[in-house]
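Analysis of the macromolecular model
So you can see what is in the structure, the chains are spelled out below.
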There are 2 protein chains.
Amino acid sequence: MIKLRQLDTASSSFEADFEQLRHWSAETDAAIEGRVAEILADVQARGDAAVLEYTARFDRVQAQSMADLQISAADLKAAFESLPPAQAQALQAAAERVRRYHERQLEACGRSWSYRDEDGTLLGQKVTPLDRVGIYVPGGKAAYPSSVLMNALPAHVAGVGEIIMVVPTPDGTRNPLVLAAAHVAGVHRVFTVGGAQAVAALAYGTATVPRVDKITGPGNAYVASAKKHVFGQVGIDMIAGPSEILVLADGSTPPDWVAMDLFSQAEHDELAQSILLCPDAAYLGEVRAAIERLLPTMPRQAIIKASLEGRGALVLTRSMEEACEISNRIAPEHLEVAAAEPHRWEPLLRHAGAIFLGAYTSESLGDYCAGPNHVLPTSSTARFSSPLGVYDFQKRSSLIEVSEAGAQLLGPIAAELAYGEGLQGHARAAELRLKR
Amino acid sequence: MIKLRQLDTASSSFEADFEQLRHWSAETDAAIEGRVAEILADVQARGDAAVLEYTARFDRVQAQSMADLQISAADLKAAFESLPPAQAQALQAAAERVRRYHERQLEACGRSWSYRDEDGTLLGQKVTPLDRVGIYVPGGKAAYPSSVLMNALPAHVAGVGEIIMVVPTPDGTRNPLVLAAAHVAGVHRVFTVGGAQAVAALAYGTATVPRVDKITGPGNAYVASAKKHVFGQVGIDMIAGPSEILVLADGSTPPDWVAMDLFSQAEHDELAQSILLCPDAAYLGEVRAAIERLLPTMPRQAIIKASLEGRGALVLTRSMEEACEISNRIAPEHLEVAAAEPHRWEPLLRHAGAIFLGAYTSESLGDYCAGPNHVLPTSSTARFSSPLGVYDFQKRSSLIEVSEAGAQLLGPIAAELAYGEGLQGHARAAELRLKR
């Protein structure tokens, strides 16, 4: 019997129940932060020697030099060739679709543009790829080859010059599927280091590890703290919280499908959050029954149960419209619209990392191979941030070329405002360009 | 006599000199961080009451309630109407050009897009504005009305629902040009609060100040520390360092113009950085002479002198190509190409916040009214970040609609990879959609 809470928007306790459900603290442990600051400073000061020491201590990998912690392109290729054929084909098919989607993304929003004004002034933006990026890939129990594809392929499509991957190999155990994914995704160099020391090596550079311009990819609390610390020195993607799914259901999707979709989020870890919103009480009962029936068949049932009981919920709403409004308040990472008319509800959904439309669009298809990125904003950050994409591996420079005629028009405006701000140098620089 | 250092790329000490020139530490004072953390926690706990207390203490403004710290739309309008006509017109002309540029930016890179795959699967991205943003505007000596335009107008063009501005008014002194700019830029609500307490109010919300989704705008060390602290809870723009200009000159621009452009950066503050790169030694001498001659005529000569002597440099390069390469290493905030053929050099310039092409394009025209944003990445962050723009006030959601046929194609791929990662729930969610 699973203790999965059920909320009712018509209940007087709903707001309090809802706040409690949403509560999750992103506060980092102060002890972790202090330890991370030490590691970062040490790697900045001592470089490779410090990285080697921390790798020996935390990953129990003894290496004489950083050369021993590099994986050659030949080894990546060998890992790919060692895969069972079905796995190799699936990896390539997924990579192909992810690449194609990000190429569309580049076309849609990643090109330089400019125009000339009536006075002949050129204005625009030049879009260029980052020179070099670092991708953090977790090792050990949560090693996800699909994340290698999702981080490396948009960087590749953006035209990043060099992609450096770091992946810890606790006790020296290398995951062939992860290395094969690096091969397929065209990662340029791989170092088997992890933790805050890997983030430090990428952010500051060492004799062996080149300094990168941006670091992306998920990691544990040490990695997250290190990324937040080096932010500004290098770019970073979002600091990820626990994964989340929210399913909006009108009752038309088979309950087993929805139950399994909720499981597929809950199985990540105990803090993952799975929520179902539906205006049909009978359907909620059917999904609950499906959960009870299917749970014992799941190898990861202990994690799923802990996640559903701790952070999951079935929510009875007054209507689909209200369900959409609650979804906006949550701003979920993954949002499934398990409804007969998904396009009727989609315009009402303002905040979500990814929106999965219709009964056939299980989140897991998007996680692996539909094409869009699976690195998505968590913990309500979809209110202001976006999926990882080609744009994360590009930056823009404004282009301005003022003609002589334009300078006559703009000079007096700039000078007036500059004098108003007490910045006479600005004003006079504009005035010097005026014809006498 | 100004002690402005000159570097020579052909000198054996160049690399060491160059490193010293670039050195600038962004480390925040630990005492400031501790104080800021207290203020943030206090405002989170006590809301308006805490904001009122800190405002009384730091800005010496006694208010009974937050209502006294709000400026009405009518007051903003009155501030605009009180301006001298030339100032009002300049403000409107600048706003009009900035708005037009950002409308072009929206067209170029801010629209939703989607496509259908051969198997009928819909893929794309929905681009939506943020619901509500906060704009921090410094008060006191460095109050820049132009920054109000540069922060609020892209938010407006993006379609942000509500724009909240905070601006401290030390001793109750309100800057009419700043308030007029808020009127012109269509800011929805203004609170006369500042410092870490204002950032906290925007990030957490109080009874009076609504919680926002993102906070942009420059501020002092307390504001910067507070923004970095609340990052994740809300979005933020970059943490800005001192302002910088780099001028690439081929010797064809009047030396007085270049000298004044260097001043226009140096006059911001003593830590601002002005660098001139040129392959022509005689021209460097002419610019140096112009600096000596013009400096005594500048009202802010003390700041300019301190900035140029402390962080400025004239750099003799072997060629324009080498000058471009050095510019890329610096990744300057503002980059002027004061050359006869600016489009010859522009393709070589990979990293810069804004590129000003040709002798007539003084940085100050771009700062106020050319159209592009003047909020630009500093401290080499142009390697990985971009000018403030419409895209900073939008976020994206992936759209995925897998057809029944698509699910048959994608399901086996997703399942293969999910089993490979040990995530059976993901695999079975995909398999449930397969026809038996």
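Residues numbered from 1 in each chain as written. Chains lettered and ligands numbered in written order. Predicted model: local features only at pLDDT ≥ 70, side-chain atom pairs only at ≥ 80, totals over all residues. Heavy atoms only, no water.

With respect to the UniProt feature "binding site: Zn(2+)" (unreviewed entry) in chain A
This is how it is decided: UniProt positions are given in the numbering used here, feature names are shortened, and annotations may be inferred rather than shown by experiment. Secondary structure elements are taken from DSSP: a helix is a run of H or I of four residues or more, a strand is a run of E of two residues or more, and numbering for both begins at the N terminus. Only protein chains enter the accessibility calculation, which uses a 1.4 Å probe; a residue is then buried when its area is under 20% of its type maximum, exposed when over 50%, and partly exposed in between. We call two residues contacting when some pair of their heavy atoms lies within 4.5 Å. For this analysis, a polar contact is any N or O atom pair within 3.5 Å, provided that within protein one partner can donate a hydrogen and the other can accept it, and provided that sequence-adjacent residues contribute only side-chain to side-chain pairs.
Per the UniProt entry, the sites bearing "binding site: Zn(2+)" (unreviewed entry) are Q265, H268, D367 and H426 of chain A in this numbering. Over a stretch of 162 residues, the named residues are scattered through the fold, their C-alpha atoms separated by up to 55.7 Å. If you trace the backbone, Q265 of chain A turns up in helix α10 (residues 255-266). Residue classification places Q265 of chain A among the buried positions, given a relative accessible area of 0%. Among residues more than four places away in sequence, those in contact with Q265 of chain A are S243, E244, I245, A272, Q273, S274, H334 and E363 of chain A. Engagement of the side chain of Q265 of chain A in a polar contact is seen with the side chain of S243 of chain A, the distance being 2.3 Å. The topology assignment puts H426 of chain A in helix α17 (residues 424-432). In this structure H426 of chain A comes out as buried when scored by relative accessible area, which is 2%. Leave out the neighbours within four places in its chain, and H426 of chain A touches A418 of chain A together with S264, E267, H268, E363, S364, D367 and Y368 of chain B. A polar contact is formed between the side chain of H426 of chain A and the side chain of H268 of chain B, at a distance of 3.3 Å.

Description of the domain arrangement of chain A
Selection criterion: Domain delimitation follows an automatic or database domain assignment.
In terms of domain boundaries, chain A breaks down into domain 1 (6-26 + 241-370), domain 2 (30-236) and domain 3 (402-432). Summarising the inter-unit geometry, the C-alpha centres of domain 1 of chain A and domain 3 of chain A are found 57 Å apart.

Focus on the interface of chain B and chain A
This is how the line gets drawn: Here the quantity called buried area is the total loss of accessible area, with a 1.4 Å probe, experienced by two parts when brought into contact, counted for both. We count a salt bridge whenever a side-chain nitrogen from Lys or Arg sits within 4 Å of a carboxyl oxygen from Asp or Glu.
With 124 residues of chain B at the interface, the matching set in chain A holds 124 residues. Both sides together, the interface formed by chain B and chain A hides about 10900 Å², and carbon and sulfur atoms give 58% of it. For the interface between chain B and chain A, the tally reads 16 salt bridges. E346 of chain A serves as the salt-bridge partner of K126 of chain B, at 2.5 Å between the closest nitrogen and oxygen.

Some words on the pattern of salt bridges
What the rule picks out here adds up to 52 salt bridges over all chains. Note that D213 of chain A is salt-bridged to R383 of chain B, the shortest N-O span being 2.4 Å. Of this pair, D213 of chain A sits in the loop between α8 (195-204) and β8 (214-216) while R383 of chain B sits in the loop between α15 (363-368) and β15 (394-401), which puts the two residues in different chains. In this structure R383 of chain B comes out as buried when scored by relative accessible area, which is 7%. One network of salt bridges, with partners in common, ties together E96, R97 and R100 of chain A together with D117, E118 and D119 of chain B.

A closer look at the relation of the copies chain B and chain A
Counted only if it meets this: Copy-to-copy superposition: least squares on the C-alpha atoms, limited to residues that have pLDDT of at least 70 in both copies.
Between chain B and chain A, the superposition needs a rotation of 180 degrees and an axial shift of 0.0 Å, giving an RMSD of 0.0 Å. On this basis, the relationship between the two copies can be described by a two-fold rotation axis. Residues of chain B ranked by C-alpha distance from the rotation axis are headed by C109 of chain B, positioned 2.2 Å from it. The overlap is high: 100% of the interface residues of chain B also sit at the interface in chain A, so the same surface is used on both sides.

Section: the packing of aromatic side chains
Note the following rule: Here a Phe, Tyr or Trp ring, Trp counted by its six-membered ring, pairs with any other such ring whose centre lies within 6.5 Å, and the pair is stacked when the planes are under 30 degrees apart, edge-to-face when over 60, and tilted otherwise. Criterion for a charge above a ring: Arg CZ or Lys NZ at most 6 Å from the ring centre, at most 35 degrees from the ring normal.
Going through the model one piece at a time under the given rule, you end up with eleven aromatic pairs over all chains. Centre to centre, the rings of F14 of chain A and F18 of chain A are 5.4 Å apart; their planes meet at 25 degrees, and the pair counts as stacked. Residue F14 of chain A and its partner F18 of chain A are located together in helix α1 (residues 14-22), separated by four residues, close to a single helical turn. The same class applies to F14 of chain A and to F18 of chain A, which are both buried. The aromatic ring of Y115 of chain A is capped on one face by R104 of chain B, whose charged end is 3.9 Å from the ring centroid. Stacked on the ring of Y391 of chain A, the Lys or Arg R396 of chain B has its end atom at 3.8 Å from the ring centre.

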